Amino acid sequence: RSLPTSCAMEAVVSTQSTGKGPESTGKAAYFTATFPYVVLICLFFRGVTLPGAGRGLAVFFTPDFAKLIDPNVWVDAAGQIFFSLSVGFGSLICFASYNPVKNNCVKDASFISIINCGTSVFSGVVVYSILGYRETQTSIKVEDVDKGPGLAFIAYTTAVAEMPLSQLWSAAFFIMMMMLALNSEFGSIEACVTPLKDQKALRGVKREILCLILCCIMYLVGLPMCMQNGLYVFTLWDNYAVTIPLLFVGACECLAVAWLYGLDRFNKEIEFMSGSYPNIYWRFCWKWLSPILIIVVLMSSCIKKMIVPETYESYVGCEQHPLNPEVAAGTETWLRDIAFPWWGQMLAAILVCAPIIWIPICCFLGRNAPVPDIPMLEGMEEEGYVIENHVFDWRTEVQEIKTALRIGQKGQEEGTDDKNEVTAV
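First, a word on scope: everything that follows refers to the structure included in this document. This one's a predicted model, so the numbers in the text were calculated from it and none came from an experiment.

## Regarding the overall build of the protein chain
Scanning the protein chain from N- to C-terminus turns up 16 helices and 2 strands. Looking at the protein chain as a whole, 29% of its 425 residues are labelled buried. Put simply, 74% of the contacts in the protein chain that link residues at least 6 apart link residues at least 24 apart. Working note: accessible area of the protein chain is about 27100 Å², and carbon and sulfur atoms make up 67% of it.

Here it is in structure tokens:
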């Protein structure tokens, strides 16, 4: 009963905080965004002073290079970056639409990325220092950390329960988790409400009503996860409904901007807004590095998920043979990975396709739609920028790639000849 009630309270808070638009969301974010840092700093100083903290930090900062060949590791890493930066959700685009045109978006993107990655590392130090303390108290290895929600709601809480003033630290930790959840929900609601308000059929509907309807739908979707078998539903949603669609959306965004819309045109718009032309690093990432990495990670993840069926952890007890342990030696953790049934696999496929299918559908329906005027482009033309229409042609793009490869190969050969001449002299 407590979980559905908590979700209902969070839906009410989200409705009240986002009902007035960015004004009310910004005021709420002053507290929801800064309070977690206060808690993290307090937990950091408490965690690093506990016995065994060094053991946890040693595990945290010791890489396991064998894990790099597992596609799921790369998918989880990409999903973590997409989640923490809200890339692919649409919330960044919605919030950025309220900025003035003359805004240094390159500086904002760099600053946010550095703060985000720094916060992730800082949070890892806090968590693993306390997990190291847990090992000294319960003999549970730091390496045996739970994955997914088990880390926050089982492993970490077990460690906090062993600390002095455990009630204080537990309350601070879960309040921090609630603030982080609210921040994520604010962005998700804004990403849905803003484009809905731009539709002609919904412009007369009050924003508060749209936020209320959306929060009610989100509450009903999350309600099955609050039931007795909700962890199984959560596992399906977490593994299929978010990470793979986000990677697909991110790849489509990179390809649409750098290849279809035109990278040169996009660079001029960045220069108009920020005052400086993007350097070679940004241009290379937008057109080559980012889409290639995302597509490779996405394809490898999809192939592995099709080959290896998705599983969930089920409590099975010891399962040891009463007379002959060699027949059934039992389980060390009383848990066993069990594959989802066929209908679970079908539901997983639907969860993957549901967010993705709208991209080709909208492209097909809007293939002959007129392109609306962009006010910013008119301002660029007034300042002397030459805006050329970019028509994507794959033959031209392939020819440019071949030309670049020939130039690189020719430069390498000339460098080799120069080196041979110097050696001969």
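## Overview of the nonpolar core
Of all hydrophobic cores here, the largest spans 20 residues; its most connected members are F82, L236, Y240, L247, I294, L351 and V352. When contributions to this core are tallied by element, the ones reaching two or more residues are helix 5 (71-85), helix 11 (230-274), helix 12 (280-307) and helix 13 (342-356). It is helix 11 that provides the largest number of residues to this core, a total of 8 residues. Not counting chain neighbours up to four residues away, the residues in contact with L236 comprise A241, F340, G344, L347, A348 and L351. Core analysis: the second largest hydrophobic core is formed by 14 residues, V39, L40, L50 and Y133 among them.

## Some details on a nonpolar patch on the surface
Residues I280, Y281, F284, W288, L289, I292, L293 and V296 make up a contiguous nonpolar surface patch of about 790 Å² in total accessible area. Mapped onto the secondary structure, V296 falls in helix 12.

## Points about the packing of aromatic side chains
The description of an aromatic ring pair rests on the distance of the ring centres and on the angle between the ring planes. A complete count under the given rule lists 10 aromatic pairs for this structure. Arranged with centres 5.1 Å apart and planes meeting at 40°, the rings of F44 and F122 form a pair that is tilted. You can see F44 sitting in helix 3 (residues 35-48) and its partner F122 sitting in helix 7 (residues 105-138), a full 78 residues away along the chain. Between the aromatic rings of F266 and W286, the centroid separation amounts to 5.2 Å while the plane-to-plane angle is 80°, which identifies the pairing as edge-to-face.

## Observations regarding the pattern of salt bridges
Should the charged atoms of two oppositely charged side chains come close, the side chains can pair. Taken as a whole and judged by the stated rule, the model has 2 salt bridges. Close ionic contact of R55 with E135 constitutes a salt bridge, the shortest N to O distance being 3.2 Å. With R55 in helix 4 (residues 53-61) and E135 in helix 7, this pair connects stretches of sequence that are 80 residues apart. On the basis of relative accessible area, R55 is assigned to the partly exposed category, the value being 34%.

## Quick word on the packing of helix 1 (residues 2-18) against helix 9 (residues 166-198)
Between helix 1 and helix 9, whose axes approach to 10 Å, the crossing angle comes to 55°. With respect to helix 9, the axis of helix 1 lies oblique. Our pair here, helix 1 against helix 9, has a crossing hand that is right-handed. Contacts between helix 1 and helix 9 involve E10, V13, S14, S17 and T18 on the former and, on the latter, A181, L182, E185, F186 and I189. Considering only residue class, the contact of helix 1 with helix 9 consists of 5 nonpolar, 3 polar and 2 charged.

The rules we used
Note that residues are indexed from 1 along each chain, following the sequence as it is written. In keeping with the predicted nature of the model, local features appear solely for residues at pLDDT of at least 70, side-chain atom pairs appear and are counted solely at 80 or more, and the whole-chain, interface and lining totals rest on all residues. Processing note: side-chain calculations cover all non-hydrogen atoms of the structure and skip hydrogens and water entirely. Secondary structure counts use DSSP, requiring at least four H or I residues in a row for a helix and at least two E residues in a row for a strand, with both numbered from the N terminus. Partly exposed describes any residue whose relative accessible area lies between the buried limit of under 20% and the exposed limit of over 50%, with all areas from a 1.4 Å probe on protein chains only and scaled to the type maximum. Note on contacts: a residue pair qualifies if any of its non-hydrogen atoms lie within 4.5 Å across the two residues. Throughout, the Shrake-Rupley method with a 1.4 Å probe supplies accessible areas, and for residues the shown protein chains are the sole cover considered. Here, nonpolar core refers to any group of buried Ala, Val, Leu, Ile, Met, Phe, Trp, Tyr and Cys residues whose side-chain atoms link them within 4.5 Å. A patch is a set of surface residues, each over 30% in relative accessible area and not in a salt bridge, joined within 9 Å for like charges and within 5 Å for the nonpolar side chains Val, Leu, Ile, Met, Phe, Trp and Tyr. Salt bridge, as used here: a side-chain nitrogen of Lys or Arg that lies within 4 Å of a carboxyl oxygen of Asp or Glu. Side-chain rings of Phe, Tyr and Trp (the six-membered ring for Trp) are treated as a pair once their centres are within 6.5 Å; stacked means planes under 30 degrees apart, edge-to-face means over 60, and tilted covers the remaining angles. All axes are obtained by fitting lines to C-alpha atoms, using only the stretch in contact for helices, and the reported angles, taken between N-to-C directions, cover 0 to 180 degrees. Angles are sorted into four bins: roughly parallel if under 35 degrees, roughly antiparallel if over 145, roughly perpendicular if 65 to 115, and oblique for all others. Left-handed describes a crossing whose near helix is turned anticlockwise from the far helix through less than a right angle; right-handed describes the clockwise counterpart. Residue classes follow a fixed rule: Ala, Val, Leu, Ile, Met, Phe, Trp, Tyr, Cys and Pro count as nonpolar, while Asp, Glu, Lys and Arg count as charged, and any other residue, Gly among them, counts as polar.

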